[in-house]
Amino acid sequence: VPLVTQIVRQIRAAVIDGRLAAGQELPSSRELAYDLGVARNTTSAAYDALAADGTLVVTPRRRPTVAAVTPRRRALPAAPPQSAPVRMARAAARLAAVVPDARLDALLAEARADHPFRVGHPDLELVPWRALERALVRRARRITGSEALDLDPRGSRVLRDAIAVHVLRARGIHADAGRIFVTEGSQAAVDMCCRLLVDPGTRVWVEDPGPLALRAAIAAAAGELVPLPVDAEGVRVDLGIRRAPRARVAFVSPTSAFPGGGPLALPRRLALLRWAERARAAVVEVDVEGELAFDGSVLPSLLSLAGADDRVIHVGTFSRLLFPSLRLGFLVVPDALVRAAARLRASTTRAPPVLLQGAVADLLASGQLARHRRRLVRATRRRRELVARELAAVLPAGAHVLPAMSGAVLTISLPAHVDDVALARELGSARVRGEAAAVLPLSSLTTGPARARGLVLGVGAHGDERLAAAARRVARAIRSALR
Ligand SMILES: Cc1ncc(COP(=O)(O)O)c(C=O)c1O
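A. View of the overall build of the protein. Regarding its fold elements, the protein presents 17 helices and 14 strands. Along the longest, intermediate and shortest principal axes, the C-alpha atoms of the protein span 85 × 60 × 45 Å. For the protein, the proportion of its 483 residues judged to be buried stands at 48%. Accessible surface, the protein: about 24200 Å² in total, of which carbon and sulfur atoms supply 55%.

Next comes the structure, spelled out in structure tokens:
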């Protein structure tokens, strides 16, 4: 097809289907010729043909414009032409099993419903917005050349220094900034651990029930889950040793297993570390809810125990302390893993935005984040007690609230015959009387045949009235499900 004809057809098609709108200016024939690498005669001839059939308005010494043509959007095929989809990597296909469509649709939905009990929803009214704003502005104004060029895969030095102080105060961890990595939330940190430690088929201990996000990261690396039950003293380390003594990694939440279960008792912590030593395994301590640990009532972190430095990786996040879309978390790795972790970061996402890291470092260093954390812990504890009280007053026999020492999560355990998925769906629907509640079915967080049933409630946000009403509504729904 001659060049002139090709240009005419392409422009005409774009006008007909609306990609070029009426009145829109096109490049001059000289500019178009330059862009396309063709002779000016060619583009002039094309424009003349388009003017002649009324597609363009061409005026001497001005750029041509699109004529007032009503586009025929219908001309576009309603569905994309059927063709074989591209072949995806197995890792991508495996993720479909752990990030179910309903979860993905909720993530992709643009409107974020503000229903009570969504897990991970912090109290946004307490966030020190003004301090964050001031810190961001100051950081943007004073950014130095070396900061602008800094590509340290561990993240910016100023935030790593501040995190070193933070984990020492809050979690009793002695770690110099050299082995701290700033990540995009705890999820990126957990993903790094999987990439560093898990090969296809590698056996990995996980708490069961446990967070789906962790399972997704392990699935992406094709690790083999070894689900371990959790009781009032935390994860059953003894069962892990019996079932998978040669596992290479154990993911645990010693402060407070998600979504229920007590803090990991000291004898189990020591047994876990002894096993890891013998098995040359890594223990990844994921401390998402631990950032909201009720002061004074929790054991220090696993990593703070003597002899844990070369076995234990500590994962923390600012998602619970500030807000989840901040996307800042961190990882403390043993010295022996620093170079491998730095290579991994250098070859993947590198580090989070430098201005954000600097601003959060300032909130940490000025003590504002510590003050905020104390207020948040108090508010969270008060909300937990309120919801637990409302539930206790009306929950029927057979349903009970699991104890938890920290965090903004409360789990109601239900008898095995209850369909907790249907119950959660019913509560999530606004059509039923009362406000919808965004609860998670406990069974969706478990693997294996003996699925625990229950509902998981995030209690980090909302006012007393709304929380109390939502708690009563949950209790009513449970009562009718048990009837
Ligand atoms: C239990 C649990 N773990 C981990 C995450 C991931 O959090 P982050 O924002 O730190 O990546 C979430 C998210 O809400 C969560 O609920």
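Moving on, there is more to tell.
B. Expanded view of a positive patch on the surface. On the surface, a cluster of positive charge is made up of Arg 134, Arg 138, Arg 141 and Arg 142. Secondary-structure assignment places Arg 141 in helix α6 (residues 129-141).

C. Seen up close, the layout of surface pockets. What the second largest pocket holds in volume is close to 380 Å³. Lining the second largest pocket are 26 residues; nearest its centre among them are Asp 208, Pro 209, Pro 229, Val 230 and Ala 452. Taken together, the elements giving at least two residues each to the lining of the second largest pocket come down to β5 (224-231) and β12 (409-414). For the lining of the second largest pocket, the element with the most residues is β5, which contributes five residues.

D. Structural view of helix α15 (residues 368-394). The end-to-end C-alpha distance of α15 is 39 Å, a good match for the 39 Å that 27 residues give at a rise of 1.5 Å each. Those residues of α15 not exposed but buried are Leu 369, His 372, Arg 373, Leu 376, Val 377, Ala 379, Thr 380, Arg 383, Arg 384, Leu 386, Val 387 and Leu 391. On its buried side, α15 packs onto α8 (157-171), α14 (354-365), β11 (400-401), β12, β14 (453-458) and α17 (464-482).

E. Broad picture of the sheet that holds strand β13 (residues 440-441). Strands sit in the order β11-β12-β14-β13 across an open sheet of four strands; the sheet is antiparallel. For this open sheet the edge positions go to β11 and β13, each flanked by a neighbour on one side alone. Note: β12 against β14, six bridges, orientation antiparallel. Looking across to β14, one finds that Val 409 is bridged to Gly 458. Strands in contact with α15 are β11, β12 and β14; relative to β12, the strand with the most contacts, it is inclined by about 20 degrees.

F. Geometry of unusual backbone geometry. Look at the link from Asp 208 to Pro 209: it is a cis peptide, with omega at 5 degrees. Assignment of secondary structure puts Pro 209 in the loop between β4 (203-208) and α10 (212-220). The omega torsion of the bond from Phe 258 to Pro 259 falls at 5 degrees, within 30 degrees of zero and hence cis. Looking at the secondary structure, you find Pro 259 in the loop between β7 (249-252) and α12 (266-279). The phi angle at Arg 350 is positive, at roughly 65 degrees, despite the residue not being glycine.

G. Examining the side chain of Asp 208 more closely. Position of Asp 208 relative to the elements: it lies in strand β4. Taking relative accessible area as the criterion, Asp 208 reaches 13% and is therefore assigned buried. There is a polar contact of 2.8 Å between the side chain of Asp 208 and the backbone nitrogen of Thr 447. Dropping the residues within four chain positions of it, Asp 208 is found in contact with Arg 215, Pro 227, Leu 228, Pro 229, Val 230, Leu 445, Thr 446 and Thr 447.

H. Local environment of the nonpolar core. Counting residues in each nonpolar core, the largest one holds 55 residues, and the members touching the most others are Ile 163, Trp 205, Leu 272 and Phe 318. Top contributing element to this core by residue count: α14, with six residues. Non-local contacts of Trp 205, meaning those with residues more than four positions away in its chain, are made with Val 226, Leu 228, Val 237, Gly 240, Ile 241, Ala 244, Ala 247, Val 249, Ala 250, Phe 251, Leu 272 and Trp 275. Core analysis: the second largest hydrophobic core is formed by 28 residues, Leu 197, Val 198, Ala 217 and Leu 331 among them.

Definitions and cut-offs
Numbering of residues begins from 1 in every chain and follows the order in which that chain's sequence is written. Local features in this predicted model are restricted to residues whose pLDDT is 70 or higher, and side-chain atom pairs enter the listing and the counts only when it is 80 or higher, whereas totals over whole chains, interfaces and linings include all residues. With hydrogens and water set aside, each side-chain value is computed from the structure's full complement of heavy atoms. Helix and strand definitions follow DSSP, with helices as H or I runs of at least four residues and strands as E runs of at least two, each counted in order from the N terminus. Throughout, exposure labels follow a simple rule: accessible area from a 1.4 Å probe, protein chains only, divided by the maximum for the residue type, with under 20% read as buried, over 50% as exposed, and the rest as partly exposed. Note that accessible areas follow from Shrake-Rupley with a 1.4 Å probe, and for residues the cover is restricted to the protein chains shown. Patch membership requires over 30% relative accessible area and the absence of a salt bridge. Like charges are linked within 9 Å, and nonpolar side chains (Val, Leu, Ile, Met, Phe, Trp, Tyr) within 5 Å. Note on definitions: salt bridges are taken to be side-chain nitrogens of Lys or Arg within 4 Å of carboxyl oxygens of Asp or Glu. We treat Lys and Arg as the positive residues and Asp and Glu as the negative residues; His and chain ends play no part in the count. Note that the charge is assigned to NZ on lysines, CZ on arginines, CG on aspartates and CD on glutamates. Residues are called lining when one of their atoms sits within 4 Å of a cavity or pocket point, these points coming from a 1 Å grid over the protein atoms alone, where a cavity is a set in which a 1.4 Å probe fits but cannot get out and a pocket is an open set with protein on both sides within 12 Å along at least five of seven lines. Grid points are joined across faces, edges and corners, and a volume is the space filled by probe spheres set on the points. To estimate the expected span of a helix, subtract one from its residue number and multiply by 1.5 Å. Working rule for contacts: check all heavy atoms of both residues, and any pair within 4.5 Å makes them a contact. Strands qualify as paired when DSSP identifies two bridges or more between them. Lines fitted to C-alpha atoms define the axes here, with helix axes fitted over just the stretch in contact, and angles between the N-to-C directions of these axes take values from 0 to 180 degrees. Whenever a nitrogen or oxygen atom comes within 3.5 Å of another N or O atom, the pair is scored as a polar contact, on the condition that within protein one atom can donate a hydrogen and the other can accept it, and that pairs from neighbouring residues in sequence are kept only if both atoms are in side chains. We call a set of buried residues a nonpolar core when its members are Ala, Val, Leu, Ile, Met, Phe, Trp, Tyr or Cys and they connect through side-chain atoms within 4.5 Å of each other.

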